[in-house]
Amino acid sequence: MSDIAAYVDGLGLVDHHCHGVVSADLDLAGFEGLATESSWPSPFGGSNFDTPFGVAVRALCAPLLDLPKHSSGAAYVARRSELGPEEVNRRLLGATGIDTYIIETGVGGSELLGAAEIGAATGAAHREVHRLEVIAERLLEQVGGGDEFVTRLTDRLDESAAVAVGFKSVVAYRHGLDFDPARPGLADVRRAADAVVARRTDGARVRLTDETIIRHLLWEAVDRRRPLQFHVGYGDSDIDLYRCDPSRMTEFIRRTVGTGTAITLLHCYPFQREAAFLAQVYPHVYLDTGAAVNYTGFGSAQVVRESLELAPFNKVLFSTDAYGLPELYLCGSLLWRRAVTRIFSAWVDADEMGAGDAVRYLDLIASGNAQNVYADV
Ligand SMILES: [Zn+2]
(Lines give C-alpha, C1' and ligand atoms only; values in the text may rest on other atoms or scores of the structure.)
Protein backbone atom coordinates (compact mmCIF):
# COMPACT_ATOMS: atom_id res chain seq x y z
CA MET A 1 0.00 0.00 0.00
CA SER A 2 2.63 2.50 1.08
CA ASP A 3 4.80 2.24 -2.07
CA ILE A 4 1.87 2.81 -4.41
CA ALA A 5 0.49 5.56 -2.15
CA ALA A 6 3.78 7.45 -2.20
CA TYR A 7 4.05 7.03 -5.94
CA VAL A 8 0.50 8.28 -6.54
CA ASP A 9 1.07 11.25 -4.21
CA GLY A 10 3.96 12.36 -6.38
CA LEU A 11 2.26 11.90 -9.75
CA GLY A 12 2.07 15.03 -11.90
CA LEU A 13 -1.33 15.29 -13.57
CA VAL A 14 -2.66 16.50 -16.90
CA ASP A 15 -6.19 17.74 -16.22
CA HIS A 16 -7.61 17.19 -19.70
CA HIS A 17 -10.96 18.88 -19.06
CA CYS A 18 -11.52 21.76 -16.67
CA HIS A 19 -12.73 25.36 -16.57
CA GLY A 20 -11.68 28.67 -15.04
CA VAL A 21 -11.84 29.55 -11.33
CA VAL A 22 -13.60 32.56 -9.84
CA SER A 23 -11.44 35.53 -9.06
CA ALA A 24 -13.91 37.20 -6.67
CA ASP A 25 -14.50 36.67 -2.95
CA LEU A 26 -17.52 34.39 -2.30
CA ASP A 27 -20.05 34.58 0.48
CA LEU A 28 -21.81 31.46 1.81
CA ALA A 29 -24.58 31.53 -0.82
CA GLY A 30 -22.08 32.24 -3.60
CA PHE A 31 -19.89 29.32 -2.54
CA GLU A 32 -22.80 26.92 -2.13
CA GLY A 33 -24.18 27.89 -5.54
CA LEU A 34 -20.93 26.76 -7.17
CA ALA A 35 -20.66 23.59 -5.05
CA THR A 36 -23.45 21.74 -6.87
CA GLU A 37 -24.81 21.13 -10.37
CA SER A 38 -28.26 22.19 -9.15
CA SER A 39 -29.57 25.61 -10.10
CA TRP A 40 -31.69 26.06 -6.99
CA PRO A 41 -31.23 26.14 -3.22
CA SER A 42 -33.68 23.86 -1.44
CA PRO A 43 -36.84 25.67 -0.34
CA PHE A 44 -36.76 23.46 2.76
CA GLY A 45 -33.30 24.48 3.94
CA GLY A 46 -30.08 22.49 4.08
CA SER A 47 -26.55 23.25 3.00
CA ASN A 48 -24.32 22.11 0.16
CA PHE A 49 -21.63 21.56 2.79
CA ASP A 50 -23.75 18.54 3.85
CA THR A 51 -23.23 16.70 0.54
CA PRO A 52 -20.51 14.24 -0.50
CA PHE A 53 -18.59 17.15 -2.08
CA GLY A 54 -19.18 19.46 0.90
CA VAL A 55 -17.87 16.80 3.29
CA ALA A 56 -14.79 16.37 1.06
CA VAL A 57 -14.14 20.13 1.07
CA ARG A 58 -14.32 20.25 4.87
CA ALA A 59 -12.02 17.22 5.18
CA LEU A 60 -9.46 17.95 2.45
CA CYS A 61 -9.44 21.73 1.89
CA ALA A 62 -10.01 23.05 5.43
CA PRO A 63 -6.49 22.09 6.65
CA LEU A 64 -4.94 23.94 3.70
CA LEU A 65 -6.68 27.09 4.94
CA ASP A 66 -5.31 26.46 8.49
CA LEU A 67 -8.66 25.16 9.78
CA PRO A 68 -9.28 21.85 11.59
CA LYS A 69 -10.56 19.02 9.39
CA HIS A 70 -14.36 18.83 9.25
CA SER A 71 -14.86 22.52 10.14
CA SER A 72 -18.34 23.88 9.54
CA GLY A 73 -19.29 25.36 6.18
CA ALA A 74 -19.75 28.80 7.74
CA ALA A 75 -16.29 28.69 9.34
CA TYR A 76 -14.80 27.52 6.05
CA VAL A 77 -16.30 30.34 3.99
CA ALA A 78 -15.37 32.93 6.65
CA ARG A 79 -11.74 31.77 6.58
CA ARG A 80 -11.80 31.84 2.78
CA SER A 81 -12.84 35.50 2.85
CA GLU A 82 -10.21 36.33 5.45
CA LEU A 83 -7.47 34.94 3.22
CA GLY A 84 -8.88 36.44 0.02
CA PRO A 85 -9.47 34.70 -3.32
CA GLU A 86 -5.92 35.10 -4.61
CA GLU A 87 -4.39 33.36 -1.60
CA VAL A 88 -7.09 30.67 -1.54
CA ASN A 89 -6.52 29.95 -5.23
CA ARG A 90 -2.76 29.87 -4.69
CA ARG A 91 -2.96 27.43 -1.77
CA LEU A 92 -5.57 25.07 -3.22
CA LEU A 93 -4.40 25.01 -6.85
CA GLY A 94 -0.81 24.73 -5.63
CA ALA A 95 -1.65 21.50 -3.76
CA THR A 96 -3.30 19.68 -6.67
CA GLY A 97 -0.14 18.40 -8.37
CA ILE A 98 -1.67 19.33 -11.74
CA ASP A 99 1.17 20.15 -14.15
CA THR A 100 -1.01 20.94 -17.17
CA TYR A 101 -4.49 22.44 -17.33
CA ILE A 102 -6.49 21.86 -20.52
CA ILE A 103 -9.20 24.44 -20.05
CA GLU A 104 -12.51 24.43 -21.88
CA THR A 105 -13.35 28.07 -22.43
CA GLY A 106 -16.96 27.75 -23.59
CA VAL A 107 -18.68 28.52 -20.30
CA GLY A 108 -18.41 31.48 -17.92
CA GLY A 109 -17.10 34.97 -18.58
CA SER A 110 -14.73 37.55 -17.20
CA GLU A 111 -15.55 36.55 -13.59
CA LEU A 112 -13.41 33.46 -14.16
CA LEU A 113 -9.64 33.28 -14.33
CA GLY A 114 -8.82 31.90 -17.76
CA ALA A 115 -6.13 29.50 -18.92
CA ALA A 116 -3.29 32.03 -18.96
CA GLU A 117 -4.20 33.43 -15.53
CA ILE A 118 -4.39 29.98 -13.95
CA GLY A 119 -1.08 29.19 -15.59
CA ALA A 120 0.41 32.36 -14.09
CA ALA A 121 -1.04 31.64 -10.62
CA THR A 122 0.23 28.06 -10.51
CA GLY A 123 3.27 27.97 -12.76
CA ALA A 124 1.61 25.08 -14.61
CA ALA A 125 1.31 24.65 -18.37
CA HIS A 126 -2.05 25.49 -19.91
CA ARG A 127 -3.88 24.73 -23.13
CA GLU A 128 -7.37 25.48 -24.44
CA VAL A 129 -10.26 23.45 -25.77
CA HIS A 130 -12.98 25.30 -27.69
CA ARG A 131 -16.68 24.54 -27.47
CA LEU A 132 -18.23 23.93 -30.89
CA GLU A 133 -21.71 25.18 -30.03
CA VAL A 134 -20.32 28.49 -28.72
CA ILE A 135 -18.33 29.05 -31.91
CA ALA A 136 -21.50 28.51 -33.94
CA GLU A 137 -23.66 30.65 -31.65
CA ARG A 138 -21.39 33.70 -31.87
CA LEU A 139 -21.39 33.34 -35.65
CA LEU A 140 -25.16 32.86 -35.88
CA GLU A 141 -25.55 36.19 -34.06
CA GLN A 142 -23.58 37.96 -36.80
CA VAL A 143 -24.34 36.36 -40.16
CA GLY A 144 -27.00 37.38 -42.67
CA GLY A 145 -28.06 33.82 -43.47
CA GLY A 146 -27.17 30.16 -43.90
CA ASP A 147 -24.81 30.65 -46.84
CA GLU A 148 -22.63 33.05 -44.94
CA PHE A 149 -22.80 30.84 -41.85
CA VAL A 150 -21.47 27.76 -43.62
CA THR A 151 -18.64 29.68 -45.31
CA ARG A 152 -17.51 31.62 -42.26
CA LEU A 153 -17.81 28.62 -39.96
CA THR A 154 -15.06 26.90 -41.92
CA ASP A 155 -12.70 29.81 -41.23
CA ARG A 156 -13.70 30.04 -37.58
CA LEU A 157 -13.09 26.34 -36.98
CA ASP A 158 -9.72 26.56 -38.74
CA GLU A 159 -8.76 29.49 -36.51
CA SER A 160 -9.79 27.52 -33.44
CA ALA A 161 -7.95 24.41 -34.54
CA ALA A 162 -4.80 26.53 -34.85
CA VAL A 163 -4.84 27.54 -31.17
CA ALA A 164 -6.91 24.92 -29.33
CA VAL A 165 -5.73 21.37 -28.66
CA GLY A 166 -9.26 20.01 -29.01
CA PHE A 167 -12.97 20.68 -29.44
CA LYS A 168 -15.83 20.03 -27.03
CA SER A 169 -19.51 19.38 -27.75
CA VAL A 170 -22.49 19.75 -25.47
CA VAL A 171 -24.85 17.93 -27.84
CA ALA A 172 -25.86 15.93 -24.74
CA TYR A 173 -27.36 19.14 -23.33
CA ARG A 174 -28.77 20.58 -26.51
CA HIS A 175 -30.31 17.45 -28.04
CA GLY A 176 -29.15 14.19 -26.44
CA LEU A 177 -26.53 11.66 -27.44
CA ASP A 178 -29.15 9.89 -29.58
CA PHE A 179 -28.45 12.31 -32.43
CA ASP A 180 -28.57 11.15 -36.06
CA PRO A 181 -25.03 9.88 -36.75
CA ALA A 182 -25.07 10.85 -40.45
CA ARG A 183 -23.23 13.88 -41.74
CA PRO A 184 -25.90 16.39 -42.85
CA GLY A 185 -25.92 17.80 -46.36
CA LEU A 186 -24.81 21.42 -46.70
CA ALA A 187 -28.18 22.46 -48.13
CA ASP A 188 -29.84 21.21 -44.93
CA VAL A 189 -27.30 23.04 -42.77
CA ARG A 190 -27.88 26.29 -44.68
CA ARG A 191 -31.63 25.91 -44.31
CA ALA A 192 -31.34 25.24 -40.59
CA ALA A 193 -29.05 28.25 -40.12
CA ASP A 194 -31.47 30.42 -42.13
CA ALA A 195 -34.20 29.41 -39.69
CA VAL A 196 -32.06 30.34 -36.65
CA VAL A 197 -31.18 33.70 -38.20
CA ALA A 198 -34.86 34.38 -38.99
CA ARG A 199 -35.85 33.65 -35.37
CA ARG A 200 -33.07 35.55 -33.59
CA THR A 201 -33.71 38.88 -31.88
CA ASP A 202 -31.23 41.74 -32.17
CA GLY A 203 -28.80 41.86 -29.30
CA ALA A 204 -30.01 38.58 -27.78
CA ARG A 205 -27.74 35.60 -27.41
CA VAL A 206 -28.46 32.63 -29.71
CA ARG A 207 -28.75 29.29 -27.93
CA LEU A 208 -28.11 26.54 -30.45
CA THR A 209 -30.38 23.52 -30.19
CA ASP A 210 -30.73 22.69 -33.89
CA GLU A 211 -29.63 19.09 -34.33
CA THR A 212 -28.65 19.51 -38.00
CA ILE A 213 -26.27 22.37 -37.26
CA ILE A 214 -24.78 20.55 -34.27
CA ARG A 215 -24.17 17.42 -36.37
CA HIS A 216 -22.47 19.60 -38.97
CA LEU A 217 -20.22 20.98 -36.22
CA LEU A 218 -19.33 17.49 -35.03
CA TRP A 219 -18.34 16.29 -38.49
CA GLU A 220 -16.42 19.48 -39.25
CA ALA A 221 -14.52 18.94 -36.00
CA VAL A 222 -13.80 15.32 -36.95
CA ASP A 223 -12.32 16.61 -40.25
CA ARG A 224 -9.86 18.75 -38.30
CA ARG A 225 -8.49 15.76 -36.39
CA ARG A 226 -8.47 17.41 -33.02
CA PRO A 227 -9.65 15.31 -30.06
CA LEU A 228 -13.39 15.77 -29.68
CA GLN A 229 -14.71 15.92 -26.10
CA PHE A 230 -18.33 14.98 -25.42
CA HIS A 231 -20.26 15.80 -22.29
CA VAL A 232 -21.63 12.42 -21.11
CA GLY A 233 -23.96 11.60 -18.23
CA TYR A 234 -24.28 13.70 -15.09
CA GLY A 235 -24.66 17.46 -15.50
CA ASP A 236 -26.94 20.32 -14.51
CA SER A 237 -30.72 20.69 -14.81
CA ASP A 238 -30.54 21.27 -18.60
CA ILE A 239 -29.93 17.59 -19.33
CA ASP A 240 -32.23 14.61 -19.58
CA LEU A 241 -29.92 12.07 -18.00
CA TYR A 242 -31.29 9.05 -19.84
CA ARG A 243 -30.36 10.65 -23.19
CA CYS A 244 -26.77 11.18 -22.02
CA ASP A 245 -25.85 7.48 -22.04
CA PRO A 246 -22.86 7.26 -24.42
CA SER A 247 -24.05 3.96 -25.90
CA ARG A 248 -26.73 6.09 -27.62
CA MET A 249 -24.00 7.53 -29.86
CA THR A 250 -22.52 4.16 -30.76
CA GLU A 251 -23.24 4.55 -34.48
CA PHE A 252 -21.47 7.94 -34.62
CA ILE A 253 -18.51 6.34 -32.84
CA ARG A 254 -18.56 3.45 -35.31
CA ARG A 255 -18.57 5.84 -38.28
CA THR A 256 -15.61 7.82 -36.95
CA VAL A 257 -13.26 4.85 -36.48
CA GLY A 258 -10.31 5.44 -38.79
CA THR A 259 -10.80 9.21 -39.13
CA GLY A 260 -7.77 9.93 -36.97
CA THR A 261 -9.91 11.87 -34.49
CA ALA A 262 -10.03 10.76 -30.86
CA ILE A 263 -13.34 10.87 -29.01
CA THR A 264 -13.11 11.56 -25.29
CA LEU A 265 -16.16 10.83 -23.13
CA LEU A 266 -16.26 13.24 -20.20
CA HIS A 267 -17.60 12.64 -16.65
CA CYS A 268 -19.71 9.64 -17.71
CA TYR A 269 -21.48 9.09 -14.36
CA PRO A 270 -23.52 6.91 -13.96
CA PHE A 271 -22.59 5.48 -17.38
CA GLN A 272 -18.89 4.86 -16.64
CA ARG A 273 -19.37 1.17 -17.46
CA GLU A 274 -20.98 1.94 -20.83
CA ALA A 275 -18.16 4.42 -21.55
CA ALA A 276 -15.54 1.84 -20.55
CA PHE A 277 -17.14 -0.65 -22.93
CA LEU A 278 -16.92 1.87 -25.79
CA ALA A 279 -13.29 2.61 -24.89
CA GLN A 280 -12.47 -1.08 -25.02
CA VAL A 281 -14.19 -1.81 -28.32
CA TYR A 282 -13.48 1.33 -30.34
CA PRO A 283 -9.84 2.27 -30.88
CA HIS A 284 -10.33 6.04 -30.79
CA VAL A 285 -12.53 6.29 -27.66
CA TYR A 286 -11.29 7.46 -24.25
CA LEU A 287 -13.11 8.17 -20.99
CA ASP A 288 -12.73 9.98 -17.70
CA THR A 289 -14.74 10.29 -14.49
CA GLY A 290 -14.09 13.98 -13.74
CA ALA A 291 -17.01 15.80 -12.08
CA ALA A 292 -18.27 12.42 -10.83
CA VAL A 293 -15.23 12.08 -8.59
CA ASN A 294 -15.89 15.48 -7.02
CA TYR A 295 -19.60 15.08 -6.54
CA THR A 296 -19.45 11.53 -5.18
CA GLY A 297 -16.85 12.66 -2.61
CA PHE A 298 -15.35 9.81 -0.60
CA GLY A 299 -17.63 7.37 -2.42
CA SER A 300 -15.76 8.13 -5.66
CA ALA A 301 -13.38 5.16 -5.39
CA GLN A 302 -16.28 2.97 -6.52
CA VAL A 303 -16.88 5.14 -9.61
CA VAL A 304 -13.19 5.11 -10.54
CA ARG A 305 -13.07 1.35 -9.94
CA GLU A 306 -15.98 0.78 -12.32
CA SER A 307 -14.30 2.92 -14.98
CA LEU A 308 -11.26 0.63 -14.68
CA GLU A 309 -13.12 -2.70 -14.80
CA LEU A 310 -13.12 -3.02 -18.56
CA ALA A 311 -11.34 -0.11 -20.21
CA PRO A 312 -7.77 -0.70 -21.32
CA PHE A 313 -5.39 1.31 -19.14
CA ASN A 314 -4.25 3.30 -22.16
CA LYS A 315 -7.80 4.61 -22.73
CA VAL A 316 -8.52 6.28 -19.38
CA LEU A 317 -7.86 9.98 -18.76
CA PHE A 318 -7.71 12.17 -15.67
CA SER A 319 -9.83 15.30 -15.30
CA THR A 320 -11.43 17.35 -12.55
CA ASP A 321 -14.05 19.19 -14.66
CA ALA A 322 -13.53 21.91 -12.05
CA TYR A 323 -15.59 25.04 -12.64
CA GLY A 324 -15.46 28.16 -10.50
CA LEU A 325 -14.16 26.77 -7.19
CA PRO A 326 -10.48 25.92 -6.68
CA GLU A 327 -11.88 23.35 -4.20
CA LEU A 328 -13.11 21.35 -7.21
CA TYR A 329 -9.53 21.18 -8.53
CA LEU A 330 -8.15 20.17 -5.15
CA CYS A 331 -10.81 17.59 -4.26
CA GLY A 332 -10.87 16.30 -7.85
CA SER A 333 -7.18 15.49 -7.73
CA LEU A 334 -6.93 14.29 -4.10
CA LEU A 335 -10.03 12.08 -4.32
CA TRP A 336 -8.73 10.59 -7.58
CA ARG A 337 -5.35 9.89 -5.94
CA ARG A 338 -7.07 8.16 -2.99
CA ALA A 339 -9.18 6.07 -5.37
CA VAL A 340 -6.36 4.83 -7.62
CA THR A 341 -4.13 4.22 -4.59
CA ARG A 342 -6.73 1.85 -3.14
CA ILE A 343 -7.48 0.14 -6.43
CA PHE A 344 -3.91 -0.42 -7.63
CA SER A 345 -2.57 -1.24 -4.15
CA ALA A 346 -5.16 -4.00 -3.80
CA TRP A 347 -4.12 -5.50 -7.15
CA VAL A 348 -0.41 -5.29 -6.34
CA ASP A 349 -0.81 -6.56 -2.75
CA ALA A 350 -2.75 -9.57 -4.00
CA ASP A 351 -0.01 -10.16 -6.58
CA GLU A 352 -2.60 -9.87 -9.33
CA MET A 353 -0.64 -7.04 -10.95
CA GLY A 354 3.09 -6.41 -10.94
CA ALA A 355 4.24 -3.22 -9.20
CA GLY A 356 6.04 -2.19 -12.41
CA ASP A 357 2.85 -2.53 -14.39
CA ALA A 358 0.88 -0.57 -11.79
CA VAL A 359 3.34 2.31 -12.02
CA ARG A 360 3.20 2.23 -15.81
CA TYR A 361 -0.61 2.29 -15.89
CA LEU A 362 -0.78 5.06 -13.29
CA ASP A 363 1.62 7.16 -15.38
CA LEU A 364 -0.59 6.64 -18.42
CA ILE A 365 -3.82 7.62 -16.67
CA ALA A 366 -2.26 10.60 -14.86
CA SER A 367 -0.64 12.15 -17.91
CA GLY A 368 0.66 9.77 -20.59
CA ASN A 369 -2.66 9.03 -22.26
CA ALA A 370 -3.53 12.74 -22.47
CA GLN A 371 -0.11 13.45 -23.93
CA ASN A 372 -0.74 10.78 -26.57
CA VAL A 373 -4.20 12.05 -27.45
CA TYR A 374 -3.61 15.82 -27.45
CA ALA A 375 -0.84 17.22 -29.58
CA ASP A 376 1.57 19.59 -27.85
CA VAL A 377 0.61 18.66 -24.25
ZN1 LIG B 1 -16.81 20.69 -18.16
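Described in the following lines is the structure provided in the data block. Fair warning: this is a prediction, and the values are worked out from it, not measured in the lab.

1. Overview of the coordination of the zinc ion
Right, so step 1: Taken together, the protein ligands of the zinc ion are H17 (NE2), H19 (NE2) and D321 (OD), with distances of 2.1 Å.
Right, so step 2: In the primary sequence, the donor residues of the zinc ion line up as H-x1-H-x301-D. Taken together, the positions of H17 in strand β1 (residues 13-18) and D321 in the loop between α15 (300-307) and α16 (326-349) put the pair 304 residues apart, joining distant regions of the chain.
Right, so step 3: Exposure remark for H17: the relative accessible area of 0% places this residue in the buried category.

2. Overview of the environment of R80
Right, so step 1: Relative to the elements of secondary structure, R80 occurs in helix α4 (residues 73-83).
Right, so step 2: For R80, a relative accessible area of 3% translates into the label buried.
Right, so step 3: Taking C-alpha positions, R80 is 8.0 Å from D25, a pair spaced 55 residues apart along the chain.
Right, so step 4: Those residues in contact with R80, other than ones at most four positions away along the chain, are L26, F31, L65, V88, L325, P326 and E327.
Right, so step 5: Within the structure, the side chain of R80 is placed 2.7 Å from the side chain of E327, a separation counted as a polar contact.

3. Thoughts on a nonpolar patch on the surface
Right, so step 1: Taken together, the side chains of F277, V281 and L310 present a nonpolar region at the surface, about 230 Å² in accessible area.
Right, so step 2: On the secondary structure map, F277 appears in helix α13 (residues 272-281).

Cut-off values and rules
Residues numbered from 1 in each chain as written. Predicted model: local features only at pLDDT ≥ 70, side-chain atom pairs only at ≥ 80, totals over all residues. Heavy atoms only, no water. Donors = N, O, S within 2.8 Å, 3.2 Å for Na, K, Ca; no water. Helix = DSSP H or I, 4+ residues; strand = E, 2+ residues; numbered from the N terminus. Buried < 20%, exposed > 50% of the residue type's maximum accessible area, 1.4 Å probe, protein only. Contact = heavy atoms within 4.5 Å. Polar contact = N/O pair within 3.5 Å; in protein donor to acceptor, adjacent residues only side chain to side chain. Patch = residues over 30% accessible without salt bridge, like charges linked within 9 Å, V, L, I, M, F, W, Y side chains within 5 Å. Areas by Shrake-Rupley, 256 points an atom, 1.4 Å probe, with all protein chains shown as cover. Salt bridge = Lys/Arg side-chain N within 4 Å of Asp/Glu carboxyl O.

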